[in-house]
Amino acid sequence: MADTATVGLRIRHFRGQAGLTLDQLSDRIGVAPSQLSLMENGKREPRLSVLTALADTFNVAIADLLDDSPPTERAALELDLHKAQSNSAYQELGLPAIKPTRGMSDATLRAIVGLHRELDRRARLAIATPEEARRANTQMRWWLREQNNYLPDIEALADAATAAVGHTGGALTHRTVAEMAARVGLSIIHVDDLPHSARSVLDLEHGRIYIPPASIPGGHGLRSLALQAVAHVVLGHTQPASYSNFLRQRLEASYYAAACLMPRRASVDFLQAAKDERTIAIEDFRDAFGVTHEAAALRFTNLATEHLGIRLHFLRVGGDGAVVRAYENDGLPLPLDATGSTEGEIVCRYWSARQALGRTTRTTEHYQYTDTPHGTFFESTQTGTGTSEDFAITLGVPYRESKWFRGRESQYRAVSRCPDLNCCRRPDDGLSQRWSGQAWASARVHAHIFSPLPHGTYPGVDDRELYDFLEAHASDDG
Ligand SMILES: [Zn+2]
């Protein structure tokens, strides 16, 4: 059933088609022109007797008058304008409502309605400030910890999708991914002119997933991208209404993609066998399913607690020592800011991630035991080089769980007292006195918005690192 505004537009449309003025129509059906005008403007609901008379006069069915679609594109624009001006966000502005007169061109109307749509889109997206983004990220991490990073509903959907194409283990091929996309009516198209800000684009109308050309054949990134696009359809995602909603959708899509690339049954079988032999290693899991080290480590966090009874932590740390991504349900004392956010915070220099980044030879995984105020953890770290900087992927477990992992015989031990500033942040008194007032350093500007400035004498520069550097070079000759 159409609303009064739409019915009004349809009456005006059919009156125009019949070539009648308001006065002429009034004469035909015995309703005052002023009343007809109110009906056409959506201010009065026509009674059934009037609708019947109108339908007879226009030689259409009553259903045509009550149809809920605007009769023309122009009418649709007028209706959109009416609705936009009626919403509270617009009314709060105290601006006049514009009436779309006959003399107003379609272009003018389209421009005004276009601006309204954009205002509405921006208001609904509630474009997040870095502060809001940090809070939303933190809430997501807390929520994931409550779930032990395991989402059974999405696992079940991925189980069904992989079973349907017979993917029961090993690497998921591009061909099979294309088949999975086809099953939900999508085809994958490689293009080299994607918008710079987009990783992939989903065209729902034509059933297409646009992804970049395969620059590194066999890389797992494109399969994951395509599966994430498929996920939005499978999971019934609609346009995100808020930043946290957007984050949640992204999380669900990448979870779904990972669960397809590394299906639950096959992964748990593989990992359980490794646990039985006490040789769990992310690199083996990675190689068995043909994915990246990070993807394998993250997938391990999905399954480890629920299916193997192992609590754990995951860290992606940038070359600058800052947390890019973190998850823990084993009590590791992550570096946190006042709001509880960890992204952009610097991890202890004695943790595995930074010890591994500091190594000169990085050919193998780095294994170490780290004593912290929350107990001892066993950690394995793989370093890599991304498009712009180095990074380290760490998977760690409490000491008592180290017995299931390869590398447990490591003799590498470190003591971390962070968040105590005396652990690795605050220089000792001798160095402070030695260099106080004798140095100046300029901070590197951080590339990612989540980075707060490290605390130090020189904003953005870590005192200890600065002083260590100065000490090391002080003895150099000219
Ligand atoms: Zn420390």
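Refer to the structure above for everything that follows.
Since this is a predicted model, take the numbers as computed values, not measurements.

(A) Spatial organisation of the packing of helix 11 (residues 174-183) against helix 12 (residues 221-234). Close contact between helix 11 and helix 12 brings their axes to 10 Å; oriented N to C, the two are set at 10 degrees. Comparing the axis directions of helix 11 and helix 12 gives the class roughly parallel. In this structure, helix 11 contributes H174, V177, M180 and A181 to the contact, and helix 12 contributes L222, R223, A226, L227 and V230. Residues belonging to the contact of helix 11 with helix 12 are distributed by class as follows: 7 nonpolar, 1 polar and 1 charged.

(B) Representation of helix 12 in the model. The terminal C-alpha atoms of helix 12 lie 20 Å apart, and with 14 residues this matches the ideal 20 Å at 1.5 Å per residue to within 8%. Taken across its 14 residues, helix 12 has 10 buried, putting it largely inside the fold. Restricting attention to buried positions, one finds in helix 12 the residues L222, R223, S224, L225, A226, L227, Q228, A229, V230 and A231. For helix 12, the secondary structure elements touched by its buried residues are helix 11, strand 1 (187-190), strand 2 (201-203), strand 3 (208-211) and helix 13 (243-261). Immediately downstream of helix 12, the backbone of G236 shows phi near 65 degrees, a positive value.

(C) Structural context of the environment of F14. Take F14: it is sitting in helix 1 (residues 4-18). On a C-alpha basis, the gap between F14 and D64 in space is 9.5 Å, while along the polypeptide they are 50 residues apart. Leave out the neighbours within four places in its chain, and F14 touches F58, V60, D64 and L65.

(D) Inspection of the packing of helix 1 against helix 6 (residues 73-86) at higher detail. At a closest axis distance of 10 Å, the pairing of helix 1 and helix 6 adopts a crossing angle of 150 degrees. Between helix 1 and helix 6, the interaxial angle falls into the category roughly antiparallel. Here helix 1 runs over helix 6; the crossing is right-handed. Along the contact surface, helix 1 presents A5, T6, L9 and R12, while helix 6 presents A75, E78, L79 and H82. When grouped by side-chain class, the residues that make up the contact of helix 1 with helix 6 number 4 nonpolar, 2 polar and 2 charged.

(E) Examining the sheet that holds strand 9 (residues 413-415) more closely. Strand order in this open sheet of 6 strands is 5-4-8-7-6-9, and the pairing throughout is mixed. Here the strands that pair on one side only, and so sit at the sheet edges, are strand 5 (323-328) and strand 9. Between one strand axis and the next, the sheet turns through 25 degrees on average, direction left out of account. Here helix 16 (residues 293-308) sits on the sheet in contact with strand 4 (313-318), strand 5, strand 7 (375-385) and strand 8 (390-398), set at roughly 25 degrees to strand 8.

(F) Just the side chain of Q228, in detail. Tracing the backbone shows Q228 in helix 12. Residue class for Q228 comes out buried when judged on its relative accessible area of 11%. Apart from the residues within four sequence positions on either side, Q228 is in contact with R199, A253, S254 and A257.

(G) Quick look at a positive patch on the surface. Side chains of R278, R311, R400, K403 and R408 sit close together on the surface and give a patch of like positive charge. Looking at the element boundaries, R400 is found in the loop between strand 8 and strand 9.

(H) How the structure looks around the pairing of strand 5. Two strands pair when backbone bridges link them, and strand 4 and strand 5 are joined in this way by 5 bridges, in the antiparallel orientation. Note on strand 5: the bridge partner recorded for L315 is A326. In sequence, strand 4 turns back onto strand 5 through a hairpin of 4 residues, with G321 there showing a positive phi of about 85 degrees.

(I) Focus on the coordination of the zinc ion. Here the zinc ion is held by the protein donor atoms C348 (SG), C418 (SG), C423 (SG) and C424 (SG), which lie 2.2 to 2.4 Å from it. Because the angles between the 4 donor atoms bound to the zinc ion fall within 95 to 116 degrees, the donor set is best described as tetrahedral. Ordering the donors of the zinc ion by residue number gives the pattern C-x69-C-x4-C-C. Linking C348 in the loop between strand 5 and helix 17 (352-357) with C418 in the loop between strand 9 and helix 18 (421-424), this pair joins segments that are 70 residues apart in sequence. Residue C348 is classed as buried on the basis of its relative accessible area of 3%.

(J) Representation of the nonpolar core. Grouped together as the largest cluster of nonpolar side chains are 65 residues, with contacts concentrated most on L227, Y256, M262, F300, I310, L395 and F405. Looking at which element gives the most residues to this core, the answer is helix 13, with 10 residues. Excluding anything up to four places from it in sequence, M262 contacts S267, F285, F289, V291, A295, A296 and R299. Within the second largest apolar cluster, 16 residues are counted, among which are V323, A326, L332 and L357.

What counts, and where the lines are drawn
Residues numbered from 1 in each chain as written. Predicted model: local features only at pLDDT ≥ 70, side-chain atom pairs only at ≥ 80, totals over all residues. Heavy atoms only, no water. Axes fitted to C-alpha atoms, helices over the stretch in contact; angles between N-to-C directions. Helix = DSSP H or I, 4+ residues; strand = E, 2+ residues; numbered from the N terminus. Parallel < 35°, antiparallel > 145°, perpendicular 65-115°, else oblique. Contact = heavy atoms within 4.5 Å. Nonpolar A, V, L, I, M, F, W, Y, C, P; charged D, E, K, R; others polar. Expected span 1.5 Å × (residues − 1). Buried < 20%, exposed > 50% of the residue type's maximum accessible area, 1.4 Å probe, protein only. Left-handed = near helix turned anticlockwise from the far one by under 90°. Pairing = 2+ DSSP bridges. Patch = residues over 30% accessible without salt bridge, like charges linked within 9 Å, V, L, I, M, F, W, Y side chains within 5 Å. Areas by Shrake-Rupley, 256 points an atom, 1.4 Å probe, with all protein chains shown as cover. Salt bridge = Lys/Arg side-chain N within 4 Å of Asp/Glu carboxyl O. Lys, Arg positive; Asp, Glu negative; His and termini not counted. Charge placed at Lys NZ, Arg CZ, Asp CG, Glu CD. Donors = N, O, S within 2.8 Å, 3.2 Å for Na, K, Ca; no water. Tetrahedral: all angles 85-135°; square planar, octahedral: opposite > 155°, others 65-115°. Core = buried A, V, L, I, M, F, W, Y, C linked by side-chain atoms within 4.5 Å.

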